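Chain by chain, the residues:
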Amino acid sequence: LQQGWDNNYGGGIWFKRSPTTNPPNFKGDIANLLMIVLAGRMYNCPNSGADQSYLNWALKTWDWMQQQGLIGADQLMIDELDASGKPVIGYPYTY
């Protein structure tokens, strides 16, 4: 997942693996929330030795989502960013 991270819109991972060959594509809450969950689980995995890099990725992704407006003040999730990198305001999700 770390290889999926790029600096478009300041960070995050794309919903689809290849943003240029699989349009329409976007950066949104589901792919990035799964990155947080996976990194957190890897950090807590007994075999990982509590590798700090996993926790760092989870926190980095959370911070990026907050900075981009994908996490509302009410902690509800905004689904995706538009082509200019702004949150698409629609129905918020609880997940």
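It should be noted that the structure appears before, not after, this text.
Residues numbered from 1 in each chain as written. Predicted model: local features only at pLDDT ≥ 70, side-chain atom pairs only at ≥ 80, totals over all residues. Heavy atoms only, no water.

Undergrad: Explanation requested: the packing of aromatic side chains in the structure shown.
TA: Where two aromatic rings form a pair, the distance of their centres and the angle of their planes describe that pair. Here the structure, examined in full by the defined rule, presents four aromatic pairs. Judged by centre distance (6.2 Å) and plane angle (65°), the rings of W5 and W64 are edge-to-face. Highlighted residues: W5 in the segment before α1 (29–44) and W64 in helix α2 (residues 52–68), separated in sequence by 59 residues. Per residue, the accessibility class of W5 equals that of W64, and both read buried. One aromatic cluster in this structure is built from W5, W57 and W64. (Phe/Tyr/Trp six-rings, centres within 6.5 Å; stacked < 30°, edge-to-face > 60°. Helix = DSSP H or I, 4+ residues; strand = E, 2+ residues; numbered from the N terminus. Buried < 20%, exposed > 50% of the residue type's maximum accessible area, 1.4 Å probe, protein only.)

Undergrad: I keep staring at the environment of F15 and nothing clicks. Help me out?
TA: In this fold, F15 is placed in the segment before α1. Relative accessible area serves as the criterion here: at 44%, F15 is assigned to the partly exposed category. Linking F15 and F26, residues 11 residues apart in sequence, is a C-alpha distance of 5.7 Å. Sequence-distant contacts of F15, that is, excluding residues within four places in its chain, are made with N25, F26 and A31. (Contact = heavy atoms within 4.5 Å.)

Just geometry here; none of it tells us what the structure is for.
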